[in-house]
Amino acid sequence: MLYRKFKDIDVSALGFGLMRLPCLNNDRKQLDMKTVREMVHYAMEHGINYYDTAYNYHDGESERVAGELLNEYPRNSFCLATKFPGFERERFLRAPEIFKEQLNKCQVDYFDFYLMHSVSDSNITLYMDDELGLMDYLLKEKNAGRIRYLGFSTHASNDNFRLFLEKYHDVVEFCQIQINWIDWTYQNAKEKMTILKEYDLPVWVMEPLRGGYLATLAEDEEATLKAMRPYESIPAWSFRYLQQFSEIGVILSGMSTMAQLKENIETFSLFKPVSEEENEALLILAENKLAKTVVPCTACRYCVSECPQGLEIPVILETSNAYAFTEQISNIPRKLQPLGDAGDPRRCIACRSCESACTQNIPIAETMYKFGAKWKLDK
Ligand code: SF4
Ligand code: SF4
C-alpha cells in the first residue's frame, strides 16, 4: 500500500469509502454484515488505514457499522473520517447533539478527520452563517481533542468555493473534491485544484470512478487504453490518472465487493502515474464520452428525498444513460419495471425540486421528459 504524509501521520493513499457497502434484499439499510466484516478485515490486513463514513450514508447505518467493525482494532491503527450533515438548517441548530450521536455510533472518543459535508451552492449560506455558528462549534470540538483534523467536502461552484476558502482557509486543513478524468474539465476540477494550491491545502479525492461509471468503458475506448498499457485494468486507469498530482492525499473509493477491494489494493501497491501522452489520451476519451452521454449522474441520491413523485431518480437516469444511443425504446426498460411508479419518468411533474439538490447540476426534469417520451408502450 502506498502512503501519503499528512501532518504527523501516514495515511493510506487508498481510502475505504463506506457509502456503497454490500446490502441484502436491495435494502440500503440492511448491510450484508458478513461481507462487510470480511472486507474491512482484508482492508486492515492490507494496509488501508483511512475509513470514510458520513451521517447519512446507508441511512445512518454506515457510521454504526464503522463503529462496530473498527472497534475490533486498536484505535491508533486506523483513521476514521465522518461528516457534519449540513443539508438543512435544523441540523445546524442541533450540531452538538448530532456530533455526540456520531461519536456514540462510531464508538470513538474522537474523529481523526471531520468534514463539513458537501458544501454546495444551496447550503453555503448555512455553513457560513456566524449566528448558526457551526464553525465555532467545530473549532471548540477540535480544541477539546474530539476532532484531529477539520476539513470539508464540496460540490460548490468555483465562485462559492473561493468565497468559502477566503473565510475559512486558515482553519480548514484539507478539502475533498470530485476529481477524475471526466470532471477535470466537465466539473472544472482543474480550477478547484488551482484554487487549493493557492491556499496550500491538501486535496482528498471522491468519486475517482464517477460512481462506477468509469470502471467499464466501451470496446473502442478500452482498446485505446489497452494499446498503451495492456496489463492495466480499466478502473486502474482512473487511479493512475490521479497519481500524477502530488497534492493529492487520500483517494476514496466506495467499494461494494471483495473483488473491487482486492483489485484496488493491488493498484495502490504501485506508483505508476500516467505519462503526458496517456493523460492526453484520457482527456480526449473524456471529451468524446461527454459528447455521447446523456447525464453525468453519480448516484449520490441527494435528490431523491426532494421528489414529490417519489421517483427513483438515479436509477432512471442510469437507465436513460444506458439508452443514450437508442432513438426508440419499444418497451419499458427491464431495470425500471420492478420499481413500478417510482421508475416511470413520465410521472415527473417538472417541479425541479430535485435540481437544486443535485450535486452534478443535471437538468433532471428535462432528462425525465426526453427519456419518457421515447417510451412506446403504456404499462
Ligand atoms: S422535477 Fe421531476 S424528478 Fe425532479 S423532483 Fe420534480 S417530479 Fe421529481
Ligand atoms: S441526479 Fe444528481 S443528486 Fe440525484 S443521484 Fe444523480 S447526481 Fe446525485
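The structure displayed is predicted, hence computed values, not measured ones.

Definitions and limits used
- Residues numbered from 1 in each chain as written.
- Chains lettered and ligands numbered in written order.
- Predicted model: local features only at pLDDT ≥ 70, side-chain atom pairs only at ≥ 80, totals over all residues.
- Helix = DSSP H or I, 4+ residues; strand = E, 2+ residues; numbered from the N terminus.
- Rg over C-alpha atoms; globule rule 2.2 N^0.38 Å.
- Buried ≥ 20, exposed ≤ 12 C-beta atoms within 10 Å, placed from the backbone.
- Contact = placed C-beta atoms within 7 Å.
- Near = placed C-beta within 6 Å.
- Nonpolar A, V, L, I, M, F, W, Y, C, P; charged D, E, K, R; others polar.
- Pairing = 2+ DSSP bridges.
- Axes fitted to C-alpha atoms, helices over the stretch in contact; angles between N-to-C directions.
- Arc of directions from axis to C-beta.
- Domains from an automatic or database assignment.
- Core = buried A, V, L, I, M, F, W, Y, C linked by C-beta atoms within 7 Å.
- Parallel < 35°, antiparallel > 145°, perpendicular 65-115°, else oblique.

## Let's talk about the overall build of the protein
Each helix and strand in the protein was counted, giving 16 helices and 12 strands. The C-alpha radius of gyration computed for the protein amounts to 21 Å, which stays within 12% of the reference 21 Å derived for 379 residues, consistent with globular compactness. Along the first, second and third principal axes, the C-alpha set of the protein runs to 60 × 50 × 45 Å. Within the protein, the fraction of its 379 residues that count as buried is 38%. When contacts within the protein are restricted to residue pairs at least 6 apart in sequence, long-range pairs at least 24 apart make up 76% of them.

## Let's talk about the site of ligand 1
Within the structure, ligand 1 sits among 16 residues, and C307, C348, C351, C354 and A365 are positioned closest to it. A breakdown of the residues in the shell around ligand 1 according to their chemical character gives 12 nonpolar, two polar and two charged.

## Concerning the site of ligand 2
Residues in close proximity to ligand 2 total 16 residues, the closest being C297, C300, C303, P314 and C358. Broken down by class, the residue content of the shell around ligand 2 amounts to 12 nonpolar, three polar and one charged.

## Here's the deal with the pairing of strand β8 (residues 111-119)
Burial analysis of β8 places nine of its nine residues in the buried class, which makes it a mostly covered element. Two elements, strand β7 (residues 79-84) and β8, share four bridges in a ladder whose sense is parallel. Within β8, the position partnered with A81 by the bridge is F113. Across six bridges, the pairing between β8 and strand β9 (residues 147-154) is parallel. Counterpart to L115 in the pairing with β9 is G151.

## Some points on the sheet that holds β8
Ordered in space as β3-β6-β7-β8-β9-β10-β11-β12, the eight strands form a closed barrel in which the pairing is parallel. If you compare each strand with its neighbour and ignore which way they point, the axes differ by 30° on average. Of the pairings in the sheet, the one linking strand β11 (residues 203-206) to strand β12 (residues 248-253) comprises two bridges and is parallel in character. Considered in β12, the bridge of V203 is made with I248. Strand contacts of helix α6 (residues 134-143): β7, β8 and β9, with the helix running at about 150° to β9, the strand carrying the most contacts.

## Concerning helix α16 (residues 364-373)
Along α16, the residues classified as buried are I364, T367, M368 and F371. Viewed along the axis of α16, the buried residues span an arc of 100°, placing them on a single side of the element.

## Observations concerning unusual backbone geometry
One non-glycine residue, R301, adopts positive backbone phi at about 70°. Note that R301 resides in the loop between α13 (276-292) and α14 (313-322). Backbone geometry places A350, a non-glycine residue, at a positive phi of 55°. Positionally, A350 belongs in the loop between α14 and α15 (353-357). Accessibility expressed as a C-beta count within 10 Å gives 10 for A350, which makes it exposed.

## Brief notes about the domain arrangement of the protein
By domain assignment, the protein separates into domain 1 (3-289) and domain 2 (304-373). A C-alpha centroid distance of 27 Å is found between domain 1 and domain 2.

## Things to note about the nonpolar core
In this structure, Y50, Y51, A66, C79, L80, A81 and V205 are the most contacted members of the largest nonpolar core, which totals 73 residues. With six residues, the single largest contributor to this core is β8. If you look at the next biggest cluster of nonpolar residues, it comprises 17 residues, including C307, L311, I316 and L317.

## Concerning the environment of K335
Relative to the assigned elements, K335 resides in the loop between α14 and α15. C-alpha separation for the pair K335 and N143, spaced 192 residues apart in sequence, amounts to 50 Å. Those residues in contact with K335 that lie beyond four places of it in its chain are V315 and T319.

## Observations regarding the packing of helix α2 (residues 61-70) against helix α4 (residues 95-106)
Between α2 and α4, whose axes approach to 7 Å, the crossing angle comes to 45°. Taken together, the axes of α2 and α4 are oblique relative to one another. The residues of α4 that touch α2, namely those facing E63, R64, A66 and G67, are Q102, K105 and C106. Here the contact of α2 with α4 is built from residues that sort into two nonpolar, two polar and three charged.

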